[in-house]
Amino acid sequence: MAVFPWHSRSRNYKAEFASCRLEAVPLEFGDYHPLKPITVTESKTKKVSRKGSTSSTSSSSSSSMVDPLSSVLDGTDPLSMFAATAEPAATDSSRKRRDRDENSIVGSDFEPWASKRGEILARYTTTEKLSINLFMGSEKGKAGTATSAMSEKVRTRLEELDDFEEGSQKELLNLTQQDYVNRIEELNQSLKDAWASDQKVKALKIVIQCSKLLSDTSVIQFYPSKFVLITDILDTFGKLVYERIFSMCVDNRSVLPDHFSPENVNDTAKETCLNWFFKIASIRELIPRFYVEASILKCNKFLSKMGISECLPRLTCMIRGIGDPLVSVYARAYLCRVGMEVAPHLKESLNKNFFDFLLTFKQIHGDTVQNQLVVQGVELPSYLPLYSPAMDWIFQCISYHAPEALLTEMMERCKKLGNNALLLNSVMSAFRAEFIATRSMDFIGMIKECDESGFPKHLLFRSLGLNLALADPPEGDRLQILNEAWKVITKLKNPQDYINCAEVWVEYTCKHFTKREVNTVLADVIKHMTPDRAFEDSYPQLQSIIKKVIAHFHDFSVLFSVEKFLPFLDMFQKESVRVEVCKCIMEVFIKHQQEPTKDPVILNALLHVCKTMHDSVNALTLEDEKRMLAYLINGFIKMVSFGRDFEQQLSFYVEARSMFCNLEPVLVQLIHACVAYCFITIPSLVSIFTRLNLYLHSGQVALANQCLSQADAFFKAAISLIPEVPKMINIDGKMRPSESFLLEFLCNFFSTLLIVPDHPEHGVLFLVRELLNVIQDYTWEDNGDDKIRIYTCVLHLLSAMSQETYLYHIDKVDSNDSLYGGDSKFLAENNKLCETVMAQILEHLKTLAKDEALKRQSSLGLSFFNSILAHGDLRNNRLNQLSVNLWHLAQRHGCADTRTMVKTLEYIKRRSKQPDMGHLTELALRLPLQTRT
């Protein structure tokens with residue numbers, strides 16, 4: 001191709017800006033606005049026949065706006081159509097809505113059982129061997145044919161149950177706790193499989209078998225966890241039975257309403273429901289009969305309006321027949337669980353359950369229990385906490401939204417039993433925190449009177465402290481409460497008992513007292529946890545204490561003036577824990593420190609904290625962790641300011657750079673903060689694009705401060721670094737091609753070079769020439785076009801440099817438009833560079849005349865055409881002819897982006913109507929649009 005001369009067109013930037021402004025259109029109130037809320041149109045759709053044909057009535061709308069979905073479907077939106085064709089889905093939706101409405105009486109402030117089960121399973125464990133009975137199945141269950149009489153079916157099923165109770169089981173012995181849990185999970189799955197395969201009797205047998213396990217207390221420490229596992233199976237069974245009966249109430253003509261009454265239930269469903277209750281009533285043993293009936297308590301809704309309210313008292317009375325007080329209290333807990341789920345409004349039955357429990361509570365200290373403990377070798381202090389999960393749950397259910405009078409009565413009834421510590425602990429665990437807090441001194445009095453032999457007082461003070469963290473006691477009692485509690489806590493000899501209580505009361509101290517009292521508490525914790533390195537077994541509690549202290553002391557000058565705070569941190573000697581604590585401190589500092597600081601106490605303490613985080617970095621540290629640590633350290637660095645005392649500021653930066661040399665993002669932050677580090681520290685960084693961008697940024701800062709020689713040095717350093725850019729770079733752990741990143745950097749670089757004045761000793765456009773030489777010598781991808789895109793950007797830069805007045809400037813820096821003032825020699829040099837760049841672009845386009853590259857050639861040709869249109873003076877005949885050639889090249893071989901070319905041609909025609917743009921009219925006539933064939 002021949003070399004074409006370049007002629008930049010003159011630009012009036014102010015006029016161009018003015019012409020590009022959006023036209024202001026007044027919008028009257030009430031007019032349509034795209035952000036105005038849309039009124040949803042309800043469509044009434046007739047039911048769909050099985051063939052799938054639909055018919056719908058016209059929809060009415062309260063809005064004049066047209067819904068695009070409705071308009072397409074003649075008023076019927078696609079969601080309505082889908083709902084009309086999917087009756088089963090509608091049934092499921094109704095069921096979910098019904099369940100949600102029925103449970104709405106119990107609000108979100110009621111802690112559900114699901115949130116407690118995990119803690120129980122983790123806390124009540126055993127290393128002793130366990131046993132379990134597995135149902136082996138029976139061939140009798142397969143008896144009967146389709147022609148059998150109903151009486152024969154009933155007889156067969158009763159025989160199956162008898163067979164089950166008489167020994168069709170296999171006892172598995174010497175199971176570990178995990179083996180036991182696995183077997184229970186297998187039974188749960190077997191129950192679901194049996195139900196799914198329509199083996200309802202087998203499913204019932206499994207549930208009965210599992211319920212029987214709740215009468216076994218041979219490994220008594222595991223009983224609470226066993227209760228959780230078994231009742232999961234009971235819950236599954238109850239849900240399956242209920243959904244089975246409910247499904248029988250739904251036919252093709254009607255859906256059971258959300259709040260249905262027994263009159264809405266058909267006879268088949270009622271008969272099936274009664275059949276289930278009759279089967280359960282035939283279970284001989286009390287405990288499985290109670291649990292299985294309780295699990296389907298909700299099914300009484302199908303039979304009678306008063307069914308549940310009549311069954312709850314009867315089931316409560318059944319529990320009186322259970323002799324073992326531990327088994328009994330968990331049965332009451334299950335009844336409360338079911339009662340709160342299906343009939344939370346029936347509080348009278350739940351209250352009766354509670355008062356029955358109080359009447360039988362003394363059995364815990366009876367001879368039978370004592371003998372059982374002797375046989376199993378279990379001490380009373382280990383036995384009594386087994387009651388806590390069940391008692392806490394019962395008390396929570398009874399006290400939920402209960403009036404003050406009832407809570408007071410319950411508390412008084414507990415007092416009459418001799419201020420039993422176990423009862424008192426459950427009261428404090430379940431009652432509203434406000435109720436406990438306002439009577440804190442009364443509870444402290446009761447705690448003092450408790451017998452400590454079975455249930456230690458420090459656990460009672462811990463429960464009291466948990467309440468006081470949620471609700472405030474009377475102001476006049478606060479100091480006395482702390483003194484009374486701490487007198488007991490500080491005397492504890494066992495470090496684990498001590499730290500469990502101290503962790504709770506630290507929050508109360510931070511909340512209501514000053515740093516003096518907090519310092520005293522921290523000193524006491526250090527005193528108890530340092531001997532024999534007891535702190536090593538209590539890191540979670542110690543972390544909790546730190547979090548509570550920093551959550552209440554947002555003024556870090558006060559926090560670090562707490563004498564024992566840093567010695568407390570020294571107890572975290574396990575590196576991973578120590579780093580986590582430091583991260584917590586820094587997160588709070590960054591979140592709450594509003595003003596820059598130079599407080600030496602804060603600086604020294606946080607430098608120590610940040611140094612701990614930094615020193616934890618090693619070759620195995622994950623990149624995400626490094627980023628997090630760097631973010632926290634940078635947050636600290638940004639908040640340090642010595643104002644006009646630059647010596648102090650520099651001294652801080654020097655110390656920070658020496659401390660945090662292993663975290664590159666921190667070094668980058670310091671380079672941004674301190675100009676002196678630009679030349680020294682940038683070369684030490686690993687990421688080449690970080691170095692390139694920092695050199696560019698440093699040069700921009702130098703220009704802004706009129707340091708022209710330093711700016712030139714930074715830009716030269718960036719240019720000299722470009723040849724070192726590798727072909728592939730690591731981005732978030734993945735290797736990616738670097739050319740797109742280099743293109744982005746160079747475009748930013750060109751924008752800066754526009755305003756960089758030429759050095760008097762280095763000739764015209766010396767930085768641009770150096771950069772072009774580097775770009776020419778760089779090894780680009782053979783199948784890529786980034787090099788030509790860069791040359792196109794250079795052409796834009798050179799065109800901008802040829803203007804009399806540049807698009808932007810830096811204050812107090814004379815750019816080349818001021819230095820040369822449109823000098824003809826400067827413009828001639830500029831045009832020569834333009835021609836050289838154009839030659840490179842055209843040569844590259846020529847190399848793309850191959851089948852596999854024709855699409856790239858078309859795209860690049862159109863792009864170059866647009867560059868000439870935007871920056872070139874098309875009054876020049878040769879440049880005008882070049883643009884026409886490029887237009888034809890873009891359409892050759894049928895690879896053109898026709899839509900873009902149509903819009904481009906429309907733009908040229910519009911511009912041709914502007915002043916001094918008449919020459920574009922002739923150009924438009926020479927730019928035909930070809931259709932693809």
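Please read these numbers as outputs of a predicted model, since none were measured by experiment. (Residues numbered from 1 in each chain as written. Predicted model: local features only at pLDDT ≥ 70, side-chain atom pairs only at ≥ 80, totals over all residues. Heavy atoms only, no water.)

Asks: Residue-level account of helix α15 (residues 367–376), with values.
Replies: Buried residues of α15: Val369, Gln372, Leu373 and Gln376, and no others. Along the long axis of α15, the arc covered by the buried residues comes to 100°, so they all point the same way. Across α15 from its buried face, at more than 90 degrees, point the exposed residues Asp367, Val374 and Val375. Along its buried surface, α15 packs onto α13 (325–342) and α16 (380–383). (Buried < 20%, exposed > 50% of the residue type's maximum accessible area, 1.4 Å probe, protein only. Helix = DSSP H or I, 4+ residues; strand = E, 2+ residues; numbered from the N terminus. Arc of directions from axis to C-beta. Contact = heavy atoms within 4.5 Å.)

Asks: Run through the packing of aromatic side chains, naming residues and quoting values.
Replies: Taken as a whole and assessed by the stated rule, the structure comprises 36 aromatic pairs. Ring geometry for Phe745 and Phe749: centres 5.7 Å apart, planes at 45°, overall tilted. Here Phe745 pairs with Phe749, and both are found in helix α37 (residues 739–753), just 4 residues apart, close to one helical turn. Here the basic side chain of Lys298 rests over the ring of Tyr242, its NZ or CZ set 4.4 Å away from the ring centre. Of note, Arg439 hangs over the ring of Phe435, and the distance from its end group to the ring centre comes to 3.8 Å. (Phe/Tyr/Trp six-rings, centres within 6.5 Å; stacked < 30°, edge-to-face > 60°. Lys NZ or Arg CZ within 6 Å of the ring centre and 35° of its normal.)

Asks: How would you explain the packing of helix α33 (residues 664–673) against helix α35 (residues 688–704) if you had to name every residue and give the values?
Replies: Each pair of packed helices gets described by two things: the angle between the helix axes and the distance between those axes. Running from N to C, α33 and α35 point in directions that differ by 10°, and their axes come no closer than 11 Å. In terms of their interaxial angle, α33 and α35 are classed as roughly parallel. Two secondary-structure elements touch here, α33 through Glu664, Val668, Ile671 and His672 and α35 through Thr690, Leu694 and His697. Here the residues of the contact of α33 with α35 are counted per class, giving 3 nonpolar, 3 polar and 1 charged. (Axes fitted to C-alpha atoms, helices over the stretch in contact; angles between N-to-C directions. Parallel < 35°, antiparallel > 145°, perpendicular 65-115°, else oblique. Nonpolar A, V, L, I, M, F, W, Y, C, P; charged D, E, K, R; others polar.)

Asks: Would you mind going over unusual backbone geometry in detail, with residue names and values included?
Replies: Among all residues save glycine, negative phi is the norm, and among peptide bonds the norm is trans. With a phi close to 55°, Arg533 is a non-glycine residue in the positive phi region. Positionally, Arg533 belongs in the loop between α25 (515–529) and α26 (539–552). Looking at Arg533, the relative accessible area reads 38%, which means it is partly exposed.

Asks: Which residues make up the pairing of strand β3 (residues 728–731), and what values go with them?
Replies: Bridge count for β3 against strand β4 (residues 734–737) is 4 bridges, and the pairing is antiparallel. Looking at the pairing, Ile731 lines up with Lys734 of β4. Hairpin connection between β3 and β4: a loop of 2 residues separates the two successive antiparallel strands, and Asp732 in this loop has a positive phi of roughly 55°. (Pairing = 2+ DSSP bridges.)

Asks: Any chance you could break down the pattern of salt bridges for me, citing the residues and the numbers?
Replies: Evaluation of the coordinates by the stated rule reveals 29 salt bridges. Residue Glu517 pairs with Arg516 through a salt bridge whose shortest N-O separation is 3.4 Å. Through salt bridges that share partners, Arg9, Arg11 and Glu16 make up one connected network. (Salt bridge = Lys/Arg side-chain N within 4 Å of Asp/Glu carboxyl O.)

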